[in-house]
Amino acid sequence: MRTRATRSRAEARAGLTFIAPALGLIIVFFVLPVVAGFLLAATDFDIYAIGDPSTIRFVGLSNFAALLHDPVFWKALANTFYFVLVGGPLSVAVSLGAAMLVNARLVRFKGFFRTVYFAPVVTTMVAVAVVWRYLYHPRFGLANQILALLGLPDVNWLGDPRWAMPAIILMAVWKNFGYNMIIFVAGLQGIPTTLYEAARVDGAGAWQQFRRITVPALRPMLMFVGIITMIGYFQIFTEPYVLTGGTGGPLNATLSLVMYMYKQGFRWWNIGFAAAVALVLFLIILAGTLVQMRLQRGRE
Amino acid sequence: MAAGETTDLHRGRRGAVRATAALALALLPACGGTGHDATVELWALGREGEVVKSLLPAFERANPGVRVQLQQIPFTAAHEKILTAFVGRSTPDLAQLGNTWIPELVALEALEPLGARLAGASLAPRDFFPGIWATNEIDGEPYGVPWYVDTRLLFYRTDLYTQAGVVRPPQSWEEWREDMRRVKALPGAERYGILLPIDEWAQPVVLALQAGAGLLADGGRRGDFHDPRFRRAFEFYVSLFAERLAPPLGNAQVANPYQQFADGYFASWITGPWNLSEFRRRIPKERQGDWTTAPLAAVAERDFPGVSLAGGSSLVIFRASKHKEAAFRLIEYLAGVRQQVEFYRLIGDLPARTAAWDDPALTADPHLRAFREQLQHVEPMPRVPEWERIAWAIAEAAERVILGQQTMDRSLDQLQTEVDKMLAKRRFLLDRRTRGAGQ
């Protein structure tokens, strides 16, 4: 008995030695910054503090109180939720649809379509934004020309506070769906065709096959894709940043939480306040992930 | 030196140079006179950083023993880069700074005051445009020397103005508005009198300065947006959109303003010297004779020309520099009349030194006349570190009214509250300082 205990202690020590380098890195580059972030959020660290640290004041929770009274924060929060709740499901649905199309037996040139749909994912965001800005141009843009063909009135896509967010969502979904599509394609290819054949023999239609076979079989992928998309979409930054020239306009209609944090922290150097925003975003994402995991587990 | 070199490599090499220099000094203690070896590190931004390279060899020849090490920094990353360098104690000896950044770096005590050095120098404040020089002074002490200047004025379509029966560029606000109405009423496609991108703060701020608004009150402790002068300018600016004399578009939506200016979609534009070469390059040949520049209108005709922004870049020395003497000599050299003219030739930057404007290279360009006149009438913006943030808040306040989200009263109230909040820390620090001085 004793020898086993000593051995396991020795093993533990050896194990600790092996993981020490990785653990050290995690502590230095992850744990410490997180702790520093918590501490910063409780101070008014700003441009003056960079020059003279003695001007830092400990403000407790008043950054958070200020946050709750800041209409721009609420606007950014609402925008972020708008983007996640509309853009997220839309993105997952489009990816799944595209995956099923690409995977359908009747489709030829599967590899070609997979590449085409995946291309936007690996294209530089800035280049994409330049092109989309032209598509959304109020006078010459393709988007408005299509509307005109349908007999619909012009839309000032990026200039009208009501349309700016839908415009960003449209672009973001187009840009990102290819990645999730590939994951779904992999999942679809893992479903044995015998299941479908058996279902058809039993008289199941296309919708029933989708509901009873495809969706349950894809559940792990759906969960993974759902969580990853949600986390990514909560952190939306680049799309509105480059499409609106860094302003989040018009009238903050496309200002996301991360953009707000960036503006506060790195443009105006209100580091303490920005840290508080980051903390709030972290809590929201954590809550969202927990809810999603609970929902998925409840279904199993 | 290669522009893309990394900072680490760069710092390592600088260290090596220093070590060598120290060794050389230790071995040759008798080396007297001016023979101190100094490597001066200069940070220059954007295109200026590329072009200044060709001016440096002549300086090095005239100053044996002084080497200039040039680091080129993209303009968009410059602000962050300089602040991080300050935090990391790796600031260069001297740098080019946008003159609106000076108050911020002075607040950080990062910059060397230049008053004493200027007393015995070959250049004096009166050699520069007064409004431009003022941007370099904080509480009466100069911290930078202007390198090149920027300001904004009116670029307009002479053919459209003539067609609309306008005989001269506008001199008062009301005349200006009338001109825009006439241009708007011209037959043909949809047309606007002026382009004022609603996500830029320069235009509403210029109008406020013209109306005599101070923008901030009480030594920069609070906003001053309930001042009737500010309100008057704000009303004028917003009314141009309400009357549809200006399109309610942001910069990102205009896409190609040059083409739309050439098409006559808008007949004028308030912009700066960086667009002179763009206009020459991008506007079709047959339209090149149809545009020119004019100083901005004033509120009343007797005050013409109205003031504009005192923009541009300055050269500053950092407090941590070990070669301030040599760095200042480099500033004197770059601000010299001949180098200023040469710099204009190379890149088109307008000289800060007034004497350089008498050179034929500048007098030959008719579009520059308006700039020369406008530069006599430029004013610095409030010199507080929070300025840029305040300026954005002003633009956003105007945008809220233009897009019909708020009434003017509510928008100005909100602006006042926001700006007072931004200045809270400054109030606290200033009050603490005065209390400390009182004790």
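The preceding data block contains the structure.
Just so you know, the residues in each chain are numbered from 1, in the order the chain's sequence is written. The naming scheme follows written order: chains are lettered A onward, ligands numbered 1 onward. At least 70 in pLDDT is required for a residue's local features to be given in this predicted model, at least 80 for side-chain atom pairs to be given and counted, and no such filter applies to totals for whole chains, interfaces and linings, which use all residues.

### Quick look at helix α19 (residues 387–402) of chain B
Test applied: Counting from the N terminus, the helices are DSSP H or I runs at least four residues long and the strands are E runs at least two residues long. Working rule for helices: expected span equals 1.5 Å times residues minus one.
The first and last C-alpha atoms of α19 of chain B sit 23 Å apart over 16 residues, in line with the 22 Å expected at 1.5 Å per residue. Positive backbone phi, approximately 75°, marks G404 of chain B, located one or two places after α19 of chain B.

### A word on the sheet that holds strand β13 (residues 311–317) of chain B
Residues and elements named next belong to chain B. The criterion, for reference: Only strands joined by at least two bridges in the DSSP assignment are considered to pair. By definition, residues are in contact whenever their C-beta atoms, placed on the basis of the backbone, come within 7 Å of each other. What counts as an axis is a line fitted to C-alpha atoms, over the stretch in contact for a helix, and the angles between N-to-C directions run from 0 to 180 degrees.
Sheet architecture is open: six strands sit in the order β2-β1-β3-β13-β6-β14, paired in mixed fashion. Every other strand in the sheet has two partners, leaving β2 (66–73) and β14 (350–351) as the edge strands with one partner each. The sheet contacts of helix α4 (residues 75–87) involve β1 (38–45), β2 and β3 (94–98), and relative to β2 the element is tilted by about 115°.

### Points about the interface of chain B and chain A
Between chain B and chain A, the residue contacts involve 24 residues of the former and 23 residues of the latter. Contributing elements (two or more residues each) for the side of chain B that touches chain A: α4, α5 (102–107), α12 (251–254), α19 and α21 (424–438) of chain B.

### A few points about the environment of F343 of chain B
All names here are of chain B. When you line up the elements, F343 lands in helix α16 (residues 337–347). Residues F343 and A121 lie 222 residues apart in sequence; the distance between their C-alpha atoms is 21 Å. The residues touching F343, leaving out its near neighbours within four places in the chain, are L55, Y148 and D349.

### A short note on the pairing of β1 of chain B
Residues and elements named next belong to chain B. Definition in use: Three exposure classes are used, based on other C-beta atoms lying within 10 Å of a residue's own C-beta, which is placed from the backbone: buried for 20 or more, exposed for 12 or fewer, and partly exposed in between.
Where burial is concerned, most of β1 is hidden: six out of the eight residues are buried. Relative to β3, β1 runs parallel, the two sharing two bridges. When the sheet's bridge partners are listed, L42 is paired in β3 with L94.

### Points about the sheet that holds strand β11 (residues 291–294) of chain B
Residues and elements named next belong to chain B. Read from one edge to the other, the open sheet built from three strands follows the order β10-β7-β11, with strand pairing classed as antiparallel. Only two strands of the sheet have a single partner each, and these edge strands are β10 (268–271) and β11. Sheet twist, expressed as the average angle between the axes of neighbouring strands with direction ignored, equals 25°. One ladder, built from four bridges, connects strand β7 (residues 153–157) with β11; its direction is antiparallel. Residue pairing for β11: L154 is matched across the bridge by A294. The sheet strands contacting helix α18 (residues 367–375) are β7 and β11, and the helix crosses β11 at an angle near 15°.

### A closer look at α4 of chain B
Over its 13 residues, α4 of chain B extends 19 Å from the first C-alpha to the last, a length consistent with the 18 Å expected when each residue adds 1.5 Å. For α4 of chain B, the full list of buried residues reads A78, H79, I82, L83 and F86 of chain B. For α4 of chain B, the secondary structure elements touched by its buried residues are α2 (47–51) of chain A together with β1, β2 and β3 of chain B. The first or second residue beyond α4 of chain B is R89 of chain B, which carries a positive phi of 50°.

### Observations regarding the environment of A62 of chain B
All names here are of chain B. By the secondary structure assignment, A62 is in helix α3 (residues 56–62). A residue is classified by how many C-beta atoms lie within 10 Å of it, and A62, with 10 of them, is exposed. Separated by 271 residues in sequence, A62 and Y333 have C-alpha atoms that sit 9.9 Å apart.

### Some words on unusual backbone geometry
For the bond from F304 of chain B to P305 of chain B, the omega torsion is -5°, close enough to zero to count as cis. Among the secondary structure elements, P305 of chain B is positioned in the loop between β11 and β12 (308–309). The phi dihedral of W269 of chain A falls on the positive side, at around 60°, and the residue is not glycine. Along the chain, the position of W269 of chain A falls in the loop between α13 (257–267) and α14 (271–299). For W269 of chain A, a count of 23 C-beta atoms within 10 Å puts it in the buried group. Here D218 of chain B, not a glycine, exhibits a phi torsion of approximately 60°, which is positive. Considering the arrangement of structural elements, one finds D218 of chain B in the loop between β8 (216–217) and β9 (222–223). Overall, D218 of chain B belongs to the exposed group, with 12 C-beta atoms counted inside 10 Å.

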